[in-house]
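Structural description and commentary
The lines below spell out each chain.
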Amino acid sequence: MPGGRPLGEDIEVDVCVVGAGIAGISTAYRLAREGKRVAVLDAGPVGGGETSRTTAHLASAVDDRFTEIERLHGLDGSRICADSHARAIDAIEEAVRAERLACDFERLDGYLFEGGDDSGVSLAEELEAARRAGVAGVVRLRRTPVERLDASCLLFPRQGQFHPLKYLAGLAHAIVRDGGRLHPETLVRDVEEDRPARVVTKAGPVVTADSVVVATNAPFIDRFAIHSKQAPYRTYSIAARVPRGSVPHGLYWDTMDPYHYVRLAPSAADEDLLIVGGEDRKPGDDADDEERLEELERWTRERFPVSELRYRWAGQVMEPIDGVAFIGRNPGRHENIYVATGDSGMGMTHGTIAGLLITDLIMERENPWARLYDPSRVTLGALGRFLRDGASVVGTLAEWFKSGDVASVDEIAPGSGAILRRGISKVAVYRDREGRLHERTAACTHLGCVVAWNPVAGSWDCPCHGSRFDPYGRVLAGPAVADLKPPSAS
């Protein structure tokens, strides 16, 4: 990744982008190409957040299915959805060519295959909905090209894949070349919405900007308006060796709930690396990360000739209640603050759409996608999911009245964490590898939900809105901007 230093002084720019993942870097790249003075700030390194945990599918075949998008947003919305995701893949390909990026980009076919009788997805209905949406070349096949996947499927041509971190590295170099600034390891504490806006960092320096783009997976500048319309989901991935040529190149998705998605990545001369994701769940449900990863491995071994499991990891996606990301002007008084969130498991294309759409808005150009992705929208057909997710948050707040994970700190193994009840309070306790205990209050500093220990990521995660903290309580990801507080003296 390109260099850059933490912000050490006050600066003035045209646009300040907060977040150096796919959405933030894509937006900054396009604005810098337009001649805007751009500064990108991130609490970690470039590409160090959820973009580094993606399986990197580039698909115009939307995860929530065109039947559902058409139900919620009408035929026009479905057509815009198909067009914008297809255009995002084109935009990535154009950037790869223009910047001569060595990021393993390639076009390939995608296959949506039947995952079981209980999936609730009709391939016949989805085929017709995709065609109504204007998806070119989609057809139904009797079976997939994979030997063990003898299932009916829909073929979506001209999908894509790439190495996201190599791609971001190339765009970051181009941003600096075009006069932009990169400031990693710079945690933003607040955005003072005004004209111009002031982006206040935790270390003190301030960025004054005509426009601000908050592209932090979960926006930290809003406490309710957007967070009430989306929910965090944990997502899981593994990478395993398979014999070279045993799995035809392609993108594969099934119709199960939770669903699975598969692709190949370049590896050694005599083998391929099979990357599989899925088994998504809401943080705090009954199944833990380890169980989900084991289930993902079982599902993979039943369907693919896996020789050796090489990697396992987990990430987090923000799932909007109506299947479409929130990209555009942040709900509020000022029209110079923009957000990109709600990736719905399609972060690579949604992030690229953000770069295209927000650039047009800042440059005061009309964009036909703006209404569909408007963060202020209200989708009446998604009211049921809105109420369910709201009830889930209320249920999570009820955790304050339950017992802790353990009765004593003696039950916490080295390198692990657990919630301990102490009187009327709950404490997040981490025991480091040397056996020392580190205690913080268990209340997320966003809206007070009880955090939970994530054994795979080694972090404290908030099940309400997706904030994450390291084992010592330092904030890793928003919407929280403050660390977990020390426990009270009592």
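We now turn to the structure provided with this report. (Residues numbered from 1 in each chain as written. Predicted model: local features only at pLDDT ≥ 70, side-chain atom pairs only at ≥ 80, totals over all residues. Heavy atoms only, no water.)

Along the protein, the regular secondary structure elements total 8 helices and 24 strands. For 490 residues, the compact-globule estimate of 2.2 N^0.38 gives 23 Å, and the C-alpha radius of gyration of the protein, at 22 Å, lies within 12% of that figure. Its C-alpha atoms put the protein at 65 × 55 × 50 Å along the principal axes. The buried share of the protein, reckoned over its 490 residues, is 55%. Restricting to contacts in the protein with at least 6 residues of sequence separation, those with at least 24 account for 67%. Taking the average place of the 59 positive charges on the side chains of the protein and the average place of its 73 negative ones, the gap between the two points comes to 2 Å. (Helix = DSSP H or I, 4+ residues; strand = E, 2+ residues; numbered from the N terminus. Rg over C-alpha atoms; globule rule 2.2 N^0.38 Å. Buried < 20%, exposed > 50% of the residue type's maximum accessible area, 1.4 Å probe, protein only. Contact = heavy atoms within 4.5 Å. Lys, Arg positive; Asp, Glu negative; His and termini not counted. Charge placed at Lys NZ, Arg CZ, Asp CG, Glu CD.)

With respect to topology, 4 strands assemble into an open sheet ordered β21-β22-β23-β24, the strand pairing being antiparallel. In this open sheet, the two edge strands, each paired with only one partner strand, are β21 (452–454) and β24 (475–477). (Pairing = 2+ DSSP bridges.)

Let's shift gears to the nonpolar core. Counting residues in hydrophobic clusters, the biggest one holds 72 residues, and the most contacted among them are Ile25, Phe66, Phe156, Phe162, Tyr167, Trp253 and Tyr373. For this core, the element with the most residues is helix α2 (residues 66–99), which contributes 10 residues. In this structure, Cys153, Tyr252, Trp299 and Ala314 belong to the second largest nonpolar core, which totals 23 residues. (Core = buried A, V, L, I, M, F, W, Y, C linked by side-chain atoms within 4.5 Å.)

Moving on, we come to the environment of Arg181. Its location among the elements puts Arg181 in strand β7 (residues 181–183). On the basis of relative accessibility, which here comes to 31%, the residue Arg181 falls in the partly exposed class. Residues Arg181 and Glu308, spaced 127 residues apart in sequence, show a C-alpha to C-alpha distance of 42 Å. Not counting chain neighbours up to four residues away, the residues in contact with Arg181 comprise Leu7, Glu9, Ile11, Val38, Ala39 and Val40. Side chain to side chain, Arg181 and His183 meet in a polar contact 3.1 Å long. (Polar contact = N/O pair within 3.5 Å; in protein donor to acceptor, adjacent residues only side chain to side chain.)

With that settled, the discussion passes to the packing of aromatic side chains. As enumerated under the stated definition, the model contains 8 aromatic pairs in all. Among the aromatic residues, those joined into a ring-pair cluster are Tyr430, Trp453, Trp460 and Tyr472. Across from the ring centre of Tyr259, 5.6 Å away, lies the NZ or CZ of Arg65, which sits over that ring. (Phe/Tyr/Trp six-rings, centres within 6.5 Å; stacked < 30°, edge-to-face > 60°. Lys NZ or Arg CZ within 6 Å of the ring centre and 35° of its normal.)

With that settled, the discussion passes to the environment of Tyr259. Along the chain, Tyr259 falls in the loop between β12 (251–254) and β13 (260–265). Spatially, the C-alpha atoms of Tyr259 and His465 are 22 Å apart, while their sequence positions differ by 206 residues. Those residues in contact with Tyr259 that lie beyond four places of it in its chain are Asp63, Arg65, Trp253, Asp254, Gly277, Gly278 and Glu279. Reaching out from Tyr259, the side chain makes a polar contact with the side chain of Asp63 at a distance of 2.4 Å.

Looking at chain direction, strand β4 (residues 106–113) and strand β6 (residues 153–161) are connected through 7 bridges and run antiparallel. Note that in β6 the partner of Leu108 across the bridge is Gln159. Pairing between β4 and β12: 4 bridges, direction parallel. Within the sheet, the bridge partner assigned to Gly110 lies in β12 and is Leu251.

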